Amino acid sequence: MNALASGFLLNWRRTARRSALLTLPLTVSITCFLLPLLFLLVVSFLEPSQVDLYGKQATFSNYGHVIGDEFYLKIIGRSLFATVIVLAISLVLAYPAAIVVARFTPKWRFRVLAILLFPLMVSNVVRAYGWIAILGRHGVANTVMLKVGFIDAPLPLLYTFSAVVVGLLTILLPYMIISIANSLAAIDRSYGEAAQSLGAGPWRAFWHVTLPLSSPGVASGCMIVFFLSLSAYVTISLLGGPRFKMLVSLVFDSTVAYQWPRASALSFILLLLGLGGGAAILAITRPGRVRGRSR
Amino acid sequence: MTTDIDVSLQQVRKTYGGVVAVDGVTLDVPRGSFISLLGPSGCGKTTTLRIVAGFEYPDHGDVLIRGQRVTDIPPYRRNCGMVFQNFALFPHLSIADNVAFGLRMRRVHRPERTEQVREALSLVKLSGFEERYPNQLSGGQQQRVALARALVLRPSVLLLDEPLGSLDKKLREEMQVEIRDLQQRFAISTIFVTHDQEEALTMSDAVAVMNHGVIEQFGTPREVFERPRTEFVARFMGANNVLRGRVASNESELQAVELGTGRIHVRAGGKHVGDRILVTVRPENMSLSRGDVSSGNVSSGISAIVTSVVYHGATTHVYMAAGEEPLVAHLPNRASDDLRLTEGDSLRCSWSEESTIMLADRP
Amino acid sequence: MKFKRGLLYAAFGLCLALVLGPILVIIGISFSPIDGFVFPTDGMSLRWYRAFLESDRLWGSFLFSFRVAITVAALSLILGTLAALTLARRSGGATSAMQALFVAPMVFPAIILGLAVLLFVRVLNAPLWSGLIIAHVLIGAPYCFRMVSGSMQAFDPILEEASQSLGAGPLRTFAYVIVPLIWPGMLAGALFAFIVSFGENNAALFLTAPGYSTMPIELLGFLQFPGNQLIVAAASTVQVGLIVLFILLMERLVGLARIVRSDQSR
């Protein structure tokens, strides 16, 4: 009897039986996520067509148009600028906030984090509408300032760059705070104490110990913020107004105009920018030095 | 002929990614016997047990339960009762439901099931705990539930995977007696995995000492304790004085052996002058006296220098160096007080000829 | 030291204001008795809630969103649980790769996901609403995956072996041991998928059509035209109320700690 082979087969069959459960989710992920994305990539290299959604001829022109056009380049530049500004402000605000949250007792920490998490479930539309209600011409801010006599005529607060930045901060700050607070809370208190016992003052202990140890949280927070602020179409269009365009607005506009090859190319440019940003964030924060091999 | 052997392992071998966990283990468990697999962690004892239970399939070799080849039968069709290290009681089920679980899986009807559960719980002295939940029980009580849950199925063999490891010392000793009682009452064949030599010796009919996936010695507790066959078994049983030497001369039935710093006499049939020899002496069998070998009037013994003396309550442990070899002797406190030992003292260690245990010398 | 702590708390307060402010303002003005943003309002009224219930467009989209979200929750639960059952206890390159694949849509730009799925359903000539379900399941299933994985990791795998040693095969072990231990995670994951689908508005942009429009998209439509905007506040408040209710339910099921961690992209 071939006992060796049968033992191997039995062990393999046992693992395989459980792995069979993966078939369905894996099939869905591949056919409904990876395949459509791949198809989108293909379409981005196809010629536009007047009669069909996309032509049959392969071409680089969809990308070429965007890269060669000053109008597009300006909008891409503006998107990156806004994203970097949002990233910087959210980091500056979220890190101290996360320190506060991480210092709470676990019970309160989870309560506060849940309060920050709950707005993420609320539609971006709703939250952008909140800012419209505050910043609009007849919004809360103008009404109050007029009443107090602070101003004589309503200020144009809405449909500005600042309004977009504020709206993006609203939807993105929770990601940053939760991410950093979780990684700060996971740091063993004894590290900081060890640093202080070795002669580092509180500030240097923070700079040399706490900050590097929190880098995984900072990195993942920054990457989410970067990616989502590039692609938060609803917030950008509601608070920036119809004339304020960012890269993602172009994706939307070309899609509804049935210029699908163009829309696909713009999507991949956006994804590429996001990946580039992510790589830059990883290179700067270097979370790998802390994360180690564990999950 | 195989009917009175409940479990039989035949040349079982198991590797994990090239690392050999169990290497050609052959073992028979006669009906009603209590057998321990004893060894340090990583010696393959737990893997061996899991192969019997069916949680691991061997790469090679066969497992027989009551004469039937079960090598490729999944655990849930093997009828092995298993008690796990941390009991593995189902936290979502009451004590009664935990014990009834296996009966339910065997589709035993409710009235009969209730009766059997009641009986099993009274057997482990837990009547009245039916409606409680595992987290409301102490460690010892959980242990008893785990036993009842396994025994209620009348398994062909009871498998215990370090079941006492998580209990404190006093409870552990109580449970040792209790498990042994239950095992004998049911006359159920049992394989018990432990790394605690005392536990194995007090509970078992036979002990298999394992190392690196191999059974180094299989025998009664007395045999493995008093007559260890290999250096590993000797050391694992606490006989830490292992000495190497050569046969110097044959004198009638005794041979004189040169041991570095002295010479002893052993009964080593079949050895010739010049043969290498490995012996061990239990620390409690050593006696010490002042002076070195040449000054003494006894012809057998070795010289050593005291390196430290540690008080251990009932005994005093004297650590010594005989040349390069470390030695230890456990002396009654009276004897050590009389000697008034301090570090650096020269001593003569001697022991009776019956206390010398010959070990198989592996090159 | 005092000053430093003051700065920390100021940043924390500012963050809370930025994150919660807009939502609180909307809840406030939704009770306004008049058509306009006057804050604080003079008196309260439920007229905008009545208007919401009477608006065929909004109430209809609310019901449609609800149906979509329930479907999405059920499908996400199945997919997420199946994936978690296998992957929660494994490690290694293939496992991490598959985990990354399942979780990726959670942080993937939803508008691009929507576009890709739109192309996909157009090419297959499938109805648009099926694309909406697909996109939302892709976004919702990771939450179920995370929640169930958490439940799987919370119990000792030895229990599965104990069950097998007592004679239960894989199916019965699943039914009698695993499910009773992980159902809170399963339910919490399904609730999570539900509210995520219910509030999602970026992937849905391209995957909705008149009659098949979710509430956030319908609200977006209302906002692009002047007037009658407080009805949006009322509808939004209903959505917020629903989310709070669900989060409280989830807290009961698995505790806040697990909810907060599940939204982490690791």
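Residues numbered from 1 in each chain as written. Chains lettered and ligands numbered in written order. Predicted model: local features only at pLDDT ≥ 70, side-chain atom pairs only at ≥ 80, totals over all residues.

### Structural notes on the overall build of chain A
Regarding its fold elements, chain A presents 15 helices and zero strands. For 295 residues, the compact-globule estimate of 2.2 N^0.38 gives 19 Å, and chain A exceeds it by more than 25% at 25 Å. Overall size of chain A, expressed as C-alpha extent along the three principal axes, is 95 × 70 × 30 Å. When the 295 residues of chain A are sorted by exposure, 45% land in the buried category. By sequence separation, contacts in chain A at least 24 residues apart represent 70% of the contacts at least 6 residues apart. (Helix = DSSP H or I, 4+ residues; strand = E, 2+ residues; numbered from the N terminus. Rg over C-alpha atoms; globule rule 2.2 N^0.38 Å. Buried ≥ 20, exposed ≤ 12 C-beta atoms within 10 Å, placed from the backbone. Contact = placed C-beta atoms within 7 Å.)

### Some details on the overall build of chain C
When helices and strands are counted, chain C shows 11 helices and zero strands. Going residue by residue from the N terminus, the α and β elements of chain C occur as α-α-α-α-α-α-α-α-α-α-α. Counting only contacts in chain C whose residues sit at least 6 apart along the sequence, the fraction spanning at least 24 positions is 75%.

### Focus: the sheet that holds strand E4 (residues 60-65) of chain B
Either a parallel or an antiparallel arrangement is found when strands of a sheet pair, and the pairing is made through backbone hydrogen bonds. Residues and elements named next belong to chain B. Within the open sheet, the four strands sit side by side as E2-E1-E4-E5. Their pairing is antiparallel. Either end of the sheet is taken by a strand with one partner, and the two such strands are strand E2 (19-30) and strand E5 (68-69). Bridge count for strand E1 (residues 5-16) against E2 is nine bridges, and the pairing is antiparallel. Considered in E2, the bridge of Val 7 is made with Val 29. (Pairing = 2+ DSSP bridges.)

### Considerations on the interface of chain A and chain C
Facing the 75 residues of chain A at the interface are 68 residues of chain C. Counting residues per element, the side of chain A that touches chain C draws most heavily on helix H2 (residues 23-43) of chain A, which supplies 12 residues. Among the residues making up the side of chain A that touches chain C, the classes are represented as 56 nonpolar, 16 polar and three charged. (Nonpolar A, V, L, I, M, F, W, Y, C, P; charged D, E, K, R; others polar.)

### Some thoughts on helix H6 (residues 128-154) of chain C
Think of an α-helix as 3.6 residues a turn; residues three or four steps apart then line up on the same face. With 27 residues, H6 of chain C extends 40 Å between its outermost C-alpha atoms, agreeing within 8% with the 39 Å of an ideal straight helix rising 1.5 Å per residue. Among the 27 residues in H6 of chain C, 23 count as buried, and that is most of the element. (Expected span 1.5 Å × (residues − 1).)

### Points about unusual backbone geometry
Glycine aside, negative phi is the norm for most residues, and most peptide bonds take the trans geometry. For Asn 79 of chain B, which is not glycine, the phi dihedral falls at a positive 60°. Relative to the elements of secondary structure, Asn 79 of chain B occurs in the loop between E5 and strand E6 (80-83). Using a count of 20 C-beta atoms within 10 Å as the deciding quantity, one classes Asn 79 of chain B as buried. Look at Asn 125 of chain C: it is not a glycine, yet its phi comes out positive at around 60°. By secondary structure assignment, the location of Asn 125 of chain C is in the loop between helix H5 (110-124) and H6.

### Observations concerning the sheet that holds strand E3 (residues 34-38) of chain B
Residues and elements named next belong to chain B. Read from one edge to the other, the open sheet built from six strands follows the order E6-E7-E8-E3-E9-E10, with strand pairing classed as mixed. For this open sheet the edge positions go to E6 and strand E10 (214-219), each flanked by a neighbour on one side alone. If you compare each strand with its neighbour and ignore which way they point, the axes differ by 20° on average. Where E3 lies against strand E8 (residues 190-194), five bridges are found, and the strand directions are parallel. Residue pairing in the sheet places Ile 35 in a bridge with Ile 191 of E8. Its contacts with the sheet put helix H4 (residues 139-151) on E6 and strand E7 (157-161), and the angle it makes with E6 is roughly 175°. (Axes fitted to C-alpha atoms, helices over the stretch in contact; angles between N-to-C directions.)

### Some remarks on the environment of Tyr 143 of chain C
Residues and elements named next belong to chain C. In this structure, Tyr 143 sits in helix H6. Since 28 C-beta atoms lie within 10 Å of it, Tyr 143 is described here as buried. Through-space distance from the C-alpha of Tyr 143 to that of Pro 127 is 26 Å; in sequence the pair is 16 residues apart.

### A word on the pairing of strand E12 (residues 254-258) of chain B
All names here are of chain B. Residue alternation in E12 divides its side chains into a buried set, Gln 255 and Val 257, and an unburied set, Leu 254, Ala 256 and Glu 258. In this sheet, E12 lies alongside strand E11 (residues 241-251) in antiparallel orientation, the contact comprising five bridges. Bridging across to E12, Val 247 finds its partner in Val 257. Hairpin geometry of E12 and strand E13 (residues 262-266) is characterised by an intervening segment of three residues between the two adjacent antiparallel strands and by a positive phi of about 70° at Gly 260.

### Some points on the nonpolar core
Soluble globular proteins tend to pack their nonpolar side chains together in the buried interior. Counting residues in each nonpolar core, the largest one holds 175 residues, and the members touching the most others are Ala 98 and Ile 177 of chain A together with Ala 193 of chain C. If sequence neighbours within four positions are ignored, Ala 98 of chain A has contacts with Ile 177, Ile 180, Ala 181 and Leu 184 of chain A. In this structure, Val 29, Ala 96, Ile 188 and Val 257 of chain B belong to the second largest nonpolar core, which totals 98 residues. (Core = buried A, V, L, I, M, F, W, Y, C linked by C-beta atoms within 7 Å.)

### Some details on the confidence of the model for chain C
A residue-level look at chain C finds 93% of positions with pLDDT of 70 or above and a mean pLDDT of 86. Confidence estimates for the predicted assembly give a pTM of 0.84 and an ipTM of 0.86. (pLDDT = per-residue confidence, 0-100.)

### Focus: the packing of H4 of chain B against helix H5 (residues 169-186) of chain B
All names here are of chain B. At a minimum axis distance of 11 Å, the contact between H4 and H5 shows a crossing angle of 15°. As the angle between them shows, H4 and H5 are arranged roughly parallel. For the pair H4 and H5, the sense of crossing is right-handed. Where H4 approaches H5, its residues Gly 139, Gly 140, Gln 143, Leu 147 and Leu 151 are matched on the opposing element by Leu 171, Met 175, Ile 179, Leu 182 and Phe 186. For the contact of H4 with H5, a count of residues per class yields seven nonpolar, three polar and no charged. (Parallel < 35°, antiparallel > 145°, perpendicular 65-115°, else oblique. Left-handed = near helix turned anticlockwise from the far one by under 90°.)

### Topic: the packing of helix H8 (residues 161-185) of chain A against helix H11 (residues 215-231) of chain A
Residues and elements named next belong to chain A. The contact between H8 and H11 brings their axes to 7 Å, and the two run at 165°. Taken as axis vectors, H8 and H11 run roughly antiparallel relative to one another. Remark: the crossing between H8 and H11 carries right-handed chirality. Together, Leu 168, Leu 172, Tyr 175, Met 176, Ser 179, Ile 180, Asn 182, Ser 183 and Leu 184 of H8 and Pro 216, Gly 217, Val 218, Ser 220, Gly 221, Ile 224, Val 225, Leu 228 and Ser 229 of H11 make up the contact between the two elements.

### Observations regarding the environment of Val 232 of chain C
Its location among the elements puts Val 232 of chain C in helix H10 (residues 230-254). In this structure, the C-alpha to C-alpha distance between Val 232 of chain C and Ala 10 of chain C, residues 222 residues apart in sequence, is 32 Å.

### Description of the environment of Leu 347 of chain B
As for its position among the elements, Leu 347 of chain B is in strand E19 (residues 346-350). On a C-alpha basis, the gap between Leu 347 of chain B and Arg 290 of chain B in space is 4.9 Å, while along the polypeptide they are 57 residues apart.

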